[in-house]
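Given next are the chains, with one letter for each unit.
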Amino acid sequence: MGMKDKFQDQSEQWQEQAKQKAQQAREQGQQRGQQRGKQGERMRDEETERLQREEQDRFDQDYDV
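Please read these numbers as outputs of a predicted model, since none were measured by experiment. (Residues numbered from 1 in each chain as written. Predicted model: local features only at pLDDT ≥ 70, side-chain atom pairs only at ≥ 80, totals over all residues. Heavy atoms only, no water.)

Regarding the overall build of the protein
Per the secondary structure count, the protein includes one helix and zero strands. Scaling as 2.2 N^0.38, a compact globule of 65 residues should have a C-alpha radius of gyration of about 11 Å, whereas the protein reaches 28 Å, well beyond that. Expressed as lengths along the three principal axes of its C-alpha atoms, the size of the protein is roughly 95 × 10 × 5 Å. Looking at the protein as a whole, 2% of its 65 residues qualify as buried. Here the protein carries 13 positive and 16 negative side-chain charges, and the mean point of each set is 13 Å from the other. (Helix = DSSP H or I, 4+ residues; strand = E, 2+ residues; numbered from the N terminus. Rg over C-alpha atoms; globule rule 2.2 N^0.38 Å. Buried < 20%, exposed > 50% of the residue type's maximum accessible area, 1.4 Å probe, protein only. Lys, Arg positive; Asp, Glu negative; His and termini not counted. Charge placed at Lys NZ, Arg CZ, Asp CG, Glu CD.)

A word on a negative patch on the surface
Taken together, the side chains of Glu41, Asp45, Glu46 and Glu49 define an acidic patch exposed on the protein surface. You can see Glu41 is positioned in helix α1 (residues 3-64). A relative accessible area of 45% places Glu41 in the partly exposed class. (Patch = residues over 30% accessible without salt bridge, like charges linked within 9 Å, V, L, I, M, F, W, Y side chains within 5 Å. Areas by Shrake-Rupley, 256 points an atom, 1.4 Å probe, with all protein chains shown as cover. Salt bridge = Lys/Arg side-chain N within 4 Å of Asp/Glu carboxyl O.)

Written out as structure tokens, the structure is:
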């Protein structure tokens, strides 16, 4: 095996490793996005519940008089 072949093989290995790392990074980014989406939904649900309770409290106060 000549020097040219050796460097070409090494180059191909590095390219394959770079592709694998890029794929892993994409997958991790997607997972983080999904987790953030779930967290955002949970925060919106809590905010909605809080606003509904406040509105119900104001309604109750109006009719308690």
